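# Inside the fold
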Amino acid sequence: MVGSRYRAVGRAERSLILNEFVQLTGYHRKHALRLLRLAPKLAGGRRGRRPTYGDEVRSALLVLWNLSDRLCSKRLKPMAPLLLPAAIRHVRG
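Anyway, here's the lowdown on the structure attached to this text. Every value quoted in this text rests on a predicted model; they were computed, and no experiment measured them. (Residues numbered from 1 in each chain as written. Predicted model: local features only at pLDDT ≥ 70, side-chain atom pairs only at ≥ 80, totals over all residues. Heavy atoms only, no water.)

### Things to note about the overall build of the protein chain
Tallying secondary structure elements over the protein chain gives 5 helices and 0 strands in all. Moving toward the C terminus, one meets the helices and strands of the protein chain in the order α-α-α-α-α. The 93 residues of the protein chain split such that 14% are buried. By sequence separation, contacts in the protein chain at least 24 residues apart represent 25% of the contacts at least 6 residues apart. Accessible surface, the protein chain as shown: approximately 8500 Å² in total, 57% of it carbon and sulfur. (Helix = DSSP H or I, 4+ residues; strand = E, 2+ residues; numbered from the N terminus. Buried < 20%, exposed > 50% of the residue type's maximum accessible area, 1.4 Å probe, protein only. Contact = heavy atoms within 4.5 Å. Areas by Shrake-Rupley, 256 points an atom, 1.4 Å probe, with all protein chains shown as cover.)

What follows is the structure, given as structure tokens:
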């Protein structure tokens, strides 16, 4: 609310709002200026990329990961071709 008011007024009024904000919050003046200048970010929404694999592939990778004693992905990738036949035998048998 203070930020929208700060962005809407002229330079003289901004100085008064900034002084009041610094006095109330105890923030350093430069930090307060940056906070008031930026528009608030909207909450929600998913960050990052969309999932690459479906549930079927993820469950298969989870089985391989557990069979490998939870190796990191860097080491699991070259081991996957070796672990896959054992995982198939394990699931069938």
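We are not done yet, so read on.
### Focus on the packing of helix H4 (residues 55-67) against helix H5 (residues 73-92)
One can describe the packing of H4 onto H5 by two numbers: an axis separation of 9 Å at closest approach and a directional angle of 95°. In terms of axis orientation, H4 runs roughly perpendicular to H5. Contacts between H4 and H5 pair Val63, Leu64, Trp65 and Leu67 from the former with Leu76, Ala80, Leu83, Leu84 and Ala87 from the latter. Among the residues forming the contact of H4 with H5, the class breakdown is 9 nonpolar, no polar and no charged. (Axes fitted to C-alpha atoms, helices over the stretch in contact; angles between N-to-C directions. Parallel < 35°, antiparallel > 145°, perpendicular 65-115°, else oblique. Nonpolar A, V, L, I, M, F, W, Y, C, P; charged D, E, K, R; others polar.)

### Describing the nonpolar core
Of all hydrophobic cores here, the largest spans 6 residues; its members are Tyr6, Ile17, Leu18, Phe21, Ala32 and Leu36. Where this core is concerned, the elements lending two or more residues are helix H2 (11-25) and helix H3 (29-37). With residues up to four places along the chain from it excluded, the contact list for Phe21 reads Val2, Gly26, Tyr27, Ala32 and Leu36. (Core = buried A, V, L, I, M, F, W, Y, C linked by side-chain atoms within 4.5 Å.)

### Regarding the packing of H2 against H3
Helix packing for two helices is described by the angle between their axes and how far apart those axes are. Look at H2 against H3: their axes get within 10 Å of each other, and the N-to-C directions meet at 120°. Read as a crossing pair, H2 and H3 show a hand that is right-handed. Together, Ser15, Leu18, Asn19, Phe21 and Val22 of H2 and Arg29, Ala32, Leu33 and Leu36 of H3 make up the contact between the two elements. Here the contact of H2 with H3 is composed, by residue class, of 6 nonpolar, 2 polar and 1 charged. (Left-handed = near helix turned anticlockwise from the far one by under 90°.)

### Description of the environment of Ser68
Structurally, Ser68 can be placed in the loop between H4 and H5. Sequence separation between Ser68 and His28 is 40 residues; the distance between their C-alpha atoms is 52 Å. In contact with Ser68, other than residues within four places in its own chain, are Leu76 and Leu83. A distance of 3.3 Å separates a polar side-chain atom of Ser68 from the backbone nitrogen of Leu71. (Polar contact = N/O pair within 3.5 Å; in protein donor to acceptor, adjacent residues only side chain to side chain.)

### Details of H4
With 13 residues, H4 extends 18 Å from end C-alpha to end C-alpha; this agrees with the ideal 18 Å at 1.5 Å per step. Two residues or fewer past H4, Asp69 is found with a positive phi of approximately 65°. (Expected span 1.5 Å × (residues − 1).)

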